[in-house]
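Close look at the chain arrangement
The residues making up each chain are set out below.
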Amino acid sequence: SRNHFPESDWIPNNMRAGLIRDITADIGQATGVSRGSVRKQIRPREWLQAEIGKGRVDRSLASMDDSRWDSREVEVSYLPTESVAKFAAKIPHGAIVNIVRKDMPRRPVLITHQGFVLQKDGKTLFRHANPGGQIRTEPLSKYLVAASQKQAGGSILGLNINAIQDR
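Sequence positions are assigned chain by chain, starting from 1 and proceeding in written order. Totals for whole chains, interfaces and linings use every residue, but because this is a predicted model, local features are given only for residues with pLDDT of at least 70 and side-chain atom pairs only at 80 or more, for both listing and counting. Heavy atoms throughout the structure, all of them, feed into the side-chain values; hydrogens and water do not.

Description of the pattern of salt bridges
- Only one rule defines a salt bridge in this text: a Lys or Arg side-chain nitrogen within 4 Å of an Asp or Glu carboxyl oxygen. According to the stated counting rule, one finds 5 salt bridges in the structure shown.
- A salt bridge links arginine 72 to aspartate 9; its shortest N-O distance comes to 2.7 Å. One end of the pair, arginine 72, is in strand S3 (residues 72-80); the other, aspartate 9, is in helix H1 (residues 6-16), with 63 residues separating them in the sequence.
- Whether a residue is buried, partly exposed or exposed follows from its accessible area with a 1.4 Å probe, protein chains only, as a fraction of its type maximum: under 20%, in between, or over 50%, in that order. The class of arginine 72 is partly exposed, set by a relative accessible area of 21%. Segments assigned H or I by DSSP are reported as helices when at least four residues long, segments assigned E as strands when at least two residues long, and all are numbered from the N terminus.

Structure, rendered in structure tokens:
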């Protein structure tokens, strides 16, 4: 029941539940930044089979016959990283930011990382967990430069931004 794939599970399920709202287009329109989008066929069953084959996931954890594992096409909108200076200050404090990358056939997802934006003392910060599990808070622009250097072939396209909804 885990919302494992951000673009096909986590975002749509939390939007349906009324917990988040995609504000990527709103921020782009308010700042004059053109929004892009990228599509991908998400194949959870193939990913699960590969993980089982690598010994990372026990077959008993999930029924392969469950419809949650069916392939589905997703589309993710984003604001381009090269325009972050134009829109960063407009990202609301506490918004969830998804780092969107190009469709790479060997990668199962389009969203490579998630975190929160904090607006503090006129700076836009990105709070996220690094691969070791430690929480880091750093300027969003600094994170994006470092992440772009780590990603193969400049694969980071931009940011998908979701506001947490009051309930």
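From this point, the narrative continues.
Here's the deal with the confidence of the model for the chain
- Every residue carries a pLDDT, the predictor's confidence in it, which falls somewhere between 0 and 100. Across the chain, pLDDT averages 87, with 84% of residues at or above 70.
- The least confident element of the chain is helix H3 (residues 44-53), whose mean pLDDT is 70; the most confident is helix H2 (residues 24-31), at 98.

Thoughts on the environment of aspartate 26
- Mapped onto the fold, aspartate 26 is located in helix H2.
- Considered as a pair, aspartate 26 and lysine 90 are 64 residues apart in the sequence and their alpha carbons are 9.8 Å apart.
- Reaching out from aspartate 26, the side chain makes a polar contact with the side chain of arginine 21 at a distance of 2.9 Å. Think of a polar contact as two N or O atoms within 3.5 Å of one another; within protein, one of them needs to be a possible hydrogen donor and the other a possible acceptor, and neighboring residues in sequence only count if both atoms come from side chains.

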